[in-house]
Structure formats: structure tokens, C-alpha cells
Amino acid sequence: MNKADKIYVAGHKGLVGSAIVRILLSQGFTNIVTRTSNELDLRNQTAVAAFFEKEKPQYVFLAAAKVGGIFANSSAPADFIYDNMMIAFNVIHSAYLSGVRKLLFLGSSCIYPKMAQQPIKEEYLLTGALESTNEAYAIAKISGLELCKFYRRQYGCDFISAMPTNLYGINDNFDINTSHVLPALIRRFHEAKISNATEVVLWGTGKPLREFLYVDDLADALLHLMLNYSDEIHINVGTGEDLSINDLALVIKEIVGFNGALVYDNSKPDGTPRKLLDVSRLSATGWRYKTPLREGIEKVYRWYLKSMDANGQSME
Ligand code: GFB
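Everything numeric in this text was worked out from a predicted model, so none of it was measured.

## Focus: the overall build of the chain
Working step 1: Broken down by element type, the chain carries 10 helices and 12 strands.
Working step 2: Taken over C-alpha atoms, the radius of gyration comes to 19 Å for the chain, in line with the 20 Å a tight globule of 316 residues would show.
Working step 3: A principal-axis box enclosing the C-alpha atoms of the chain has dimensions of 60 × 40 × 40 Å.
Working step 4: Residues counted as buried form 53% of the 316 residues belonging to the chain.
Working step 5: Taking the intrachain contacts of the chain between residues at least 6 apart in sequence as the baseline, contacts between residues at least 24 apart amount to 80%.

Structure below.
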């Protein structure tokens with residue numbers, strides 16, 4: 001990939017897409033094409049085909065998706081399967097038709113079988129029942145991964161897939177209902193601190209284990225894979241370490257400076273008990289994550305304090 005090659009980052013305003021743009025700019029890639037969802041609805045096949053025909057990008061990072069935490073996924077499954085299936089199929093097919101040199105598609109660790117052996121190897125995909133709370137999202141993402149594989153097999157497309165673990169970072173979604181756990185807890189503990197609340201309510205039991213990768217480390221891995229990896233099977237991207245939701249909450253509680261109690265609302269789902277990725281395939285290519293969890297959370301909280309208003313909305 002040359003510095004002047006045209007690179008389309010689909011989903012450039014999101015957590016992952018904005019991190020990909022940051023690293024491309026920092027590495028001197030100057031020809032980056034982006035479109036907001038108002039400018040280009042990736043669910044619209046005709047509009048996507050016309051965009052690719054006109055722009056003819058040489059490389060594509062497909063980071064656009066409808067994403068959300070366990071509550072968002074379980075409350076809007078039809079939207080999650082339809083939007084993510086249409087985005088994946090439209091972009092991947094148009095990339096093939098317009099002769100894109102290389103495309104990177106993003107899965108997610110939550111699409112592995114709910115009770116997969118831990119740590120999860122890439123080969124475990126499609127070997128067991130899915131986690132019910134995000135089955136819709138998982139089927140759409142699995143379809144995207146398989147599409148990349150079959151377009152490589154039949155048409156020789158250099159389309160690769162990465163499988164990131166749970167992500168966090170600046171420019172995340174902090175909405176109390178639709179966000180993932182880490183940003184949700186930053187907001188909950190912050191609001192509890194400034195309102196002198198005596199307790200913070202968390203969902204589930206706090207027992208599930210989760211692995212968290214700082215989003216700029218993910219972006220570094222994705223660029224590394226775009227430059228160095230070309231094969232059918234997807235690649236896990238994570239830290240190889242996990243912790244319980246309760247332990248995560250205690251770290252965030254301390255960083256934010258909240259001194260009240262933690263209370264668990266067992267009426268809310270725990271989701272899958274564990275989804276630790278086996279990252280040995282990625283490690284074998286020479287990549288390793290850089291940002292320790294505590295350092296990453298401190299970075300996000302500093303960003304949150306200067307960037308978010310009282311309603312958890314970005315002021316940028
Ligand atoms: O991050 P999260 O929503 O998604 O939930 P998953 C992780 C764990 O944190 C669950 C608990 O056990 C939640 O019950 N939790 C505790 C909370 N308090 C909260 C809270 O205030 N908000 C949230 N959101 N969780 C997602 C998939 O699963 O993983 C998505 O549903 C996506 O499709 C994502 O792939 C990466 O890690 O359980």
C-alpha cells in the first residue's frame with residue numbers, strides 16, 4: 001500500500017473507523033476517502049455501487065456497522081441483522097466489481113460460539129450455538145467473513161477479515177443503554193461521583209470475563225494486517241488477557257474516584273460467560289498490543305472529561 005493509494009475507510013466517524021483514520025494519517029497516507037452515513041447509506045446497494053464505480057478505491061477498511069452493547073443487541077435484533085448484512089454484502093460485492101486491490105472486514109469476538117473452548121482459536125467459528133443476546137449481529141458478521149472467504153476462493157479477491165475482541169477508546173458511544181460495558185461504567189461512575197450518589201447499579205452478576213483492547217492498538221493491528229496478511233482464515237486481534245466485569249468496575253471506580261457501593265441488577269443479562277481470544281496466530285506475525293488496560297481507561301476518562309457534555313454527548 002503506497003502513501004498516495006486511495007483508501008476508503010467505511011465508518012470513519014465510529015470508534016474503530018476514526019482510529020483507523022488516525023493511524024493512516026500518522027503513517028503518512030494522504031489519499032483517504034470517507035463518507036458519512038447521510039452522504040452514503042451503505043444499506044443502499046445502488047448507491048454503494050455508484051460510489052465504488054466513481055471513486056474506485058484501491059484499499060478498503062470496512063469498519064462501518066451497526067454496533068452496540070448487550071442491551072442494544074438484544075432489543076433490536078432485526079435492525080442488527082438487516083443493517084449489518086446489507087452493509088457487508090453491498091461493500092464487499094461492490095469492492096469486487098470495482099476491482100479493489102485489498103479489503104479488510106471486521107468481525108467481533110462475540111460471534112464465536114457461546115460456549116467455545118477458551119481461549120478461542122479462529123477455527124472454532126461456526127462450531128457451536130451462538131450467544132442469544134447478539135445472535136442477529138453474529139449471523140450478519142459471520143456472513144461477511146464467509147463472503148470475503150468465498151470471494152477470495154472464486155474470484156481471487158484479496159479480502160481479509162480481522163476478529164477483534166471487546167474494544168474501547170476515545171470517541172466511543174457513552175449512551176447508557178446502547179453502549180458497551182467499559183464506556184457505560186466510566187459514565188455511570190462519573191455521574192455518580194459528581195452527584196454524590198451512594199451506589200452505582202451494574203447489569204448482570206459481574207461474574208462474566210471480558211478481554212479489552214484499546215482501539216488505537218486495534219487500528220495498528222489492522223494496518224499491520226492490511227500490509228502483511230493475505231489468507232482465507234480470519235485473524236483474532238486481542239490482548240490474550242481478560243478480567244471479570246466486577247474487577248473492571250473496581251478499576252474504573254478507582255480511576256474515576258467514586259467512593260460509593262456497587263450494586264448488581266440481576267434482571268439484566270450477563271451474556272456469554274467468557275470470550276478470551278487465542279492471539280497466537282497474530283503474535284506469530286510479530287504484532288502485540290501496546291496499551292495496558294488501566295492506562296487505556298485513564299486516557300479515555302481524560303478524553304471523556306474534556307469532550308462530553310452532561311448528557312454523555314460529544315461536544316466535539
Ligand atoms: O459490553 P457488553 O454490553 O457486551 O456487556 P458483551 C459486557 C458485560 O458487562 C455483560 C455487563 O455481562 C453485561 O451484563 N454490564 C454490567 C454492562 N453493567 C453494564 C452496563 O452498564 N452496560 C453494558 N453494556 N454492560 C457484546 C455484543 O457482548 O460484545 C456485541 O453484544 C459486540 O455484539 C460486543 O460484539 C463486542 O461483551 O456481553
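## Details of the site of the ligand
Working step 1: Around the ligand there are 22 residues in total, and I70, C110, R188, P269 and D270 lie nearest to it.
Working step 2: I70 places a polar main-chain atom, nitrogen or oxygen, 2.8 Å from an oxygen atom of the ligand.
Working step 3: A distance of 2.5 Å is found between an oxygen atom of the ligand and a backbone nitrogen or oxygen belonging to D270.
Working step 4: When the ligand is considered free in solution it has 700 Å² of accessible area, and contact with the protein chains removes 97% of it.

## What about helix α6 (residues 181-194)?
Working step 1: With 14 residues, α6 ought to run about 20 Å at 1.5 Å a step, and its terminal C-alpha atoms sit 20 Å apart, in line with that.
Working step 2: Burial within α6 is extensive, with 10 of its 14 residues counted as buried.
Working step 3: Taken together, the buried positions of α6 are L182, P183, A184, L185, I186, R187, R188, F189, H190 and A192.
Working step 4: At its buried positions, α6 is contacted by β6 (166-168), β7 (199-203), β9 (212-214), α8 (245-256), β12 (261-265) and α10 (293-307).
Working step 5: In the segment just after α6, N196 is the residue with positive phi, at about 55 degrees.

## Quick look at the sheet that holds strand β10 (residues 235-237)
As a general point, the strands of a sheet are linked pairwise by backbone hydrogen bonds and lie either parallel or antiparallel.
Working step 1: The six strands are arranged β2-β1-β3-β4-β5-β10 in an open sheet whose pairing can be described as parallel. One side of each edge strand has no neighbouring strand; the edge strands of this open sheet are β2 (32-33) and β10.
Working step 2: With four bridges joining them, strand β1 (residues 7-10) and strand β3 (residues 59-62) adopt parallel strand pairing. Looking at β3, one finds that V9 is bridged to F61.
Working step 3: Contacting β1, β2, β3 and β4 (102-106), helix α1 (residues 15-26) runs over the sheet at an angle of about 155 degrees to β1.

## Details of the environment of E254
Working step 1: Mapped onto the elements, E254 comes out in helix α8.
Working step 2: E254 sits in the exposed class, given a relative accessible area of 53%.
Working step 3: Note: C-alpha distance between E254 and V9 (245 residues apart in sequence) is 36 Å.
Working step 4: Within the structure, the side chain of E254 is placed 3.0 Å from the side chain of R294, a separation counted as a polar contact.

## A short note on the nonpolar core
Working step 1: Residues Y8, L42, F52, I92, L103, I111 and F159 are the most contacted members of the largest nonpolar core, which totals 42 residues.
Working step 2: For this core, the secondary structure elements donating two or more residues are β1, α2 (45-55), β3, α4 (77-97), β4, α5 (135-155) and β5 (159-164).
Working step 3: With eight residues, α5 is the single largest residue contributor to this core.
Working step 4: Residues in contact with I92, not counting those within four places in the same chain, are L62, L103, F105, G144, L147, C148, Y151 and F159.
Working step 5: One finds V9, F29, A162 and L167 within the second-largest nonpolar core, a separate group that totals 33 residues.

## What about the packing of aromatic side chains?
Working step 1: Within the structure shown, the criterion is met by 12 aromatic pairs.
Working step 2: Consider the rings of Y151 and Y155, whose centres lie 5.1 Å apart with planes at 75 degrees: the pair is edge-to-face. With Y151 and Y155 both in helix α5, this residue pair falls four residues apart, about one helical turn.
Working step 3: We classify Y151 as buried; its relative accessible area is 12%.
Working step 4: You can call Y155 partly exposed: its relative accessible area is 37%.
Working step 5: Look at F174 and Y304: their rings are 4.8 Å apart centre to centre, the planes differ by 50 degrees, and that puts the pair in the tilted class. Taken together, the residues span a long stretch of sequence, with F174 in the loop between β6 and α6 and Y304 in helix α10 at a distance of 130 residues. By the burial criterion, F174 is buried, and Y304 matches it.

The rules we used
- Residues numbered from 1 in each chain as written.
- Predicted model: local features only at pLDDT ≥ 70, side-chain atom pairs only at ≥ 80, totals over all residues.
- Heavy atoms only, no water.
- Helix = DSSP H or I, 4+ residues; strand = E, 2+ residues; numbered from the N terminus.
- Rg over C-alpha atoms; globule rule 2.2 N^0.38 Å.
- Buried < 20%, exposed > 50% of the residue type's maximum accessible area, 1.4 Å probe, protein only.
- Contact = heavy atoms within 4.5 Å.
- Near = heavy atom within 4 Å.
- Polar contact = N/O pair within 3.5 Å; in protein donor to acceptor, adjacent residues only side chain to side chain.
- Areas by Shrake-Rupley, 256 points an atom, 1.4 Å probe, with all protein chains shown as cover.
- Expected span 1.5 Å × (residues − 1).
- Pairing = 2+ DSSP bridges.
- Axes fitted to C-alpha atoms, helices over the stretch in contact; angles between N-to-C directions.
- Core = buried A, V, L, I, M, F, W, Y, C linked by side-chain atoms within 4.5 Å.
- Phe/Tyr/Trp six-rings, centres within 6.5 Å; stacked < 30°, edge-to-face > 60°.

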